[in-house]
Amino acid sequence: MKYFFKLLKLLLNQRGIKENNEVLSVILNRKSCRKFSKKKVTEDIIEKVLLAGASTPSTVNLQTWSFFPFNDESWYKKFNSHIPFGGKAAIIICADLKRLEVIDPVFKEYPYFFYTLSVMNASLAAMNMAIAIEGMGLKSIMLSHTGRTGLVDYDYLKEKLSLPDLVFPLTTIAFGYPEKAVLFSPPKYDKEVIIHRDGFYQLNEKKVKDWFEDMDFVCNLAGKEKITEKFKNYLKILPRAEEELANAFKKISG
Ligand SMILES: Cc1cc2nc3c(=O)[nH]c(=O)nc-3n(C[C@H](O)[C@H](O)[C@H](O)COP(=O)(O)O)c2cc1C
């Protein structure tokens, strides 16, 4: 019986959200896509996605990002593998403090602040691109691990993309046309867990555990590893990734 209710809850949560405002509708109905069709993505679309990234707001308009666009051929040439999930285009997004060195190297005295700032701005650019992709009728998925595409493969991407110090690969947005409609995304937290309306932090542990249980249920259903198993697998690669990032971070202060 519990299984039935969980399934029902899951299915009800997957209903498309009806919203008259087109932008809001795109945002509320976005779902990561893990199977793209063979249909090519035109260079024109890739350019528009890049423009969306470059139009993102940023701290003091510093635009602390760099983008590396690929189609499936150029990706294959560079990485000797296909874009994950059969994506037909991809953009690698980096946090970039290199240009700031030219303008005012004083930022090196405040590495935590400026590193965070660059990551925040570049992440916002990534999201702007995801929304642009979705708005043009394509689908996307952001990657930081699958296919050595981001944060966990700092040294690999640094070498592949000839990244100077002060440029940090964060994520790849892979995109294309979905092979079939994406009907499913994993459950989100109950709003009460993430929105603190009374002006102070309140943790509803029961609801956090409920979400965790729902995620396990979904992973089971999809035949995928549970979050805790995923963490265990991550632990195998994290010591190396952590060291690479720590070394990269140290280079900010020189
Ligand atoms: C920065 C970032 C990195 C991600 N990395 C991966 C990844 O390496 N592999 C993967 O399959 N999904 C990855 N995802 C997708 C998440 O798993 C997905 O966004 C999450 O499960 C929520 O699903 P939804 O996007 O459909 O709402 C990533 C998402 C983000 C934002």
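Residues numbered from 1 in each chain as written. Predicted model: local features only at pLDDT ≥ 70, side-chain atom pairs only at ≥ 80, totals over all residues. Heavy atoms only, no water.

**A closer look at the environment of Val-23**
Mapping Val-23 onto the fold places it in helix H2 (residues 22-29). Here the alpha-carbon distance between Val-23 and Leu-203, two residues 180 residues apart in the chain, equals 31 Å. (Helix = DSSP H or I, 4+ residues; strand = E, 2+ residues; numbered from the N terminus.)

**Here's the deal with the packing of aromatic side chains**
Think of a pair of aromatic rings as described by two things: how far the centres are apart, and how the planes are tilted against each other in angle. Here the structure, examined in full by the defined rule, presents 13 aromatic pairs. Here a set of aromatic residues connected by ring pairs shows up, and it is made of Tyr-112, Tyr-115, Tyr-154, Phe-168 and Phe-249. Lying across the ring of Tyr-177, Lys-39 places its NZ or CZ 4.1 Å from the centre. Note that Arg-148 overlies the ring of Tyr-156, its terminal NZ or CZ placed 3.9 Å from the centroid. (Phe/Tyr/Trp six-rings, centres within 6.5 Å; stacked < 30°, edge-to-face > 60°. Lys NZ or Arg CZ within 6 Å of the ring centre and 35° of its normal.)

**Observations concerning the nonpolar core**
Counting 34 residues, the largest nonpolar core has Ile-91 and Phe-175 as the members making the most contacts within it. Elements with a minimum of two residues in this core: helix H3 (43-54), strand S1 (65-71), strand S2 (89-96), helix H6 (111-135), strand S4 (167-176) and helix H10 (227-250). Looking at this core element by element, the count peaks at nine residues for H6. By size, the runner-up hydrophobic cluster in this structure holds 17 residues, among which are Phe-70, Ile-83, Cys-94 and Leu-161. (Core = buried A, V, L, I, M, F, W, Y, C linked by side-chain atoms within 4.5 Å. Buried < 20%, exposed > 50% of the residue type's maximum accessible area, 1.4 Å probe, protein only.)

**Comments concerning unusual backbone geometry**
Look at Asn-61: it is not a glycine, yet its phi comes out positive at around 55°. Even without a glycine there, the phi angle at Phe-85 is positive, about 60°. Among the secondary structure elements, Phe-85 is positioned in the loop between helix H4 (72-79) and S2. Phe-85 gets classed as partly exposed once you look at its relative accessible area, which sits at 27%.

**Some details on H4**
Every α-helix winds through 3.6 residues per turn, so residues three or four apart in the chain are directed the same way. When H4 is considered as a whole, its buried residues turn out to be Asp-72, Trp-75 and Phe-79. Viewed end-on, H4 has its buried residues packed into an arc of 60°, placing them on one side of the element. Check the buried side of H4 and you find it contacts S1, S2, helix H7 (154-160) and S4. Residue Asn-71 occupies the N-cap position of H4, its side-chain oxygen lying 3.1 Å from the main-chain nitrogen of Glu-73. Immediately beyond the C-terminal end of H4, within one or two residues, lies Asn-80, with a positive phi of roughly 55°. (Arc of directions from axis to C-beta. Contact = heavy atoms within 4.5 Å. Polar contact = N/O pair within 3.5 Å; in protein donor to acceptor, adjacent residues only side chain to side chain.)

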